[in-house]
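Residue strings, one per chain:
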Amino acid sequence: QIEHGDLFDFDQEVVPLLEVLVGKTLETAMAEVMQSEELAVLAEAQEKFTQQRDAELAETQRLEAEALRKLQEKQRRLEEKTRKREQTRQLSAKVAARSFAKSYLTDLHNSVFASLADQ
């Protein structure tokens, strides 16, 4: 015959099992919550990094565009200065040629009339 305390006492024997199961479930849930929070923190850090990188890239592009614009303006001014120098040089050459031609023709004119008058 089996006595009351000889067999398995469910209430007494199941408590350690339930404690282990509940403990493991709570540990797993906490680990998942911590992992979820860590992923959220990483996603936020990634977003901040992306925004900062995009801002730096935009600033770099702006500075490059400004430098290019300044370089183009400098080149345009140099070309304008070179063009004006060439125009001035050509004008000076024309004035000198005209002055020489006028002087030469005046002398020639006088000598032709003198020669004609002698004949």
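These figures come from a predicted structure and were not determined experimentally. (Residues numbered from 1 in each chain as written. Predicted model: local features only at pLDDT ≥ 70, side-chain atom pairs only at ≥ 80, totals over all residues. Heavy atoms only, no water.)

A.B. asks: Quick question: what am I supposed to make of the overall build of the chain here?
C.D. replies: Helix and strand counts for the chain come out as one helix and zero strands. Against the globule reference of 14 Å for 119 residues, the chain gives a C-alpha radius of gyration of 51 Å, more extended than a compact globule. Counting across all 119 residues of the chain, residues that qualify as buried make up 2%. If the 17 positive side-chain charges of the chain are averaged to one point and the 23 negative ones to another, these points end up 38 Å apart. (Helix = DSSP H or I, 4+ residues; strand = E, 2+ residues; numbered from the N terminus. Rg over C-alpha atoms; globule rule 2.2 N^0.38 Å. Buried < 20%, exposed > 50% of the residue type's maximum accessible area, 1.4 Å probe, protein only. Lys, Arg positive; Asp, Glu negative; His and termini not counted. Charge placed at Lys NZ, Arg CZ, Asp CG, Glu CD.)

A.B. asks: Mind showing me how you'd approach the packing of aromatic side chains here?
C.D. replies: Two numbers describe a pair of aromatic rings. These are the distance of the centres and the angle of the planes. Counted under the stated rule, the structure contains one aromatic pair. With a centroid separation of 6.1 Å and 15° between ring planes, the pair formed by Phe100 and Tyr104 is classed as stacked. Of this pair, Phe100 and Tyr104 both sit in helix α1 (residues 10-118), four residues apart, which is roughly one turn of that helix. (Phe/Tyr/Trp six-rings, centres within 6.5 Å; stacked < 30°, edge-to-face > 60°.)

A.B. asks: Teacher, can you tell me more about the pattern of salt bridges here?
C.D. replies: Close approach of charged atoms lets side chains of opposite charge pair. Scanning the model with the defined rule gives nine salt bridges in all. Salt-bridge contacts for Glu59 lead to Arg62; the nearest nitrogen and oxygen are separated by 2.6 Å. Here Glu59 pairs with Arg62, and both are found in helix α1, just three residues apart, close to one helical turn. Using a relative accessible area of 35% as the deciding quantity, one classes Glu59 as partly exposed. The closest approach of N and O atoms between Arg83 and Glu80, which form a salt bridge, is 2.3 Å. Taken together, the positions of Arg83 and Glu80, both in helix α1 and three residues apart, correspond to about one turn of that helix. (Salt bridge = Lys/Arg side-chain N within 4 Å of Asp/Glu carboxyl O.)

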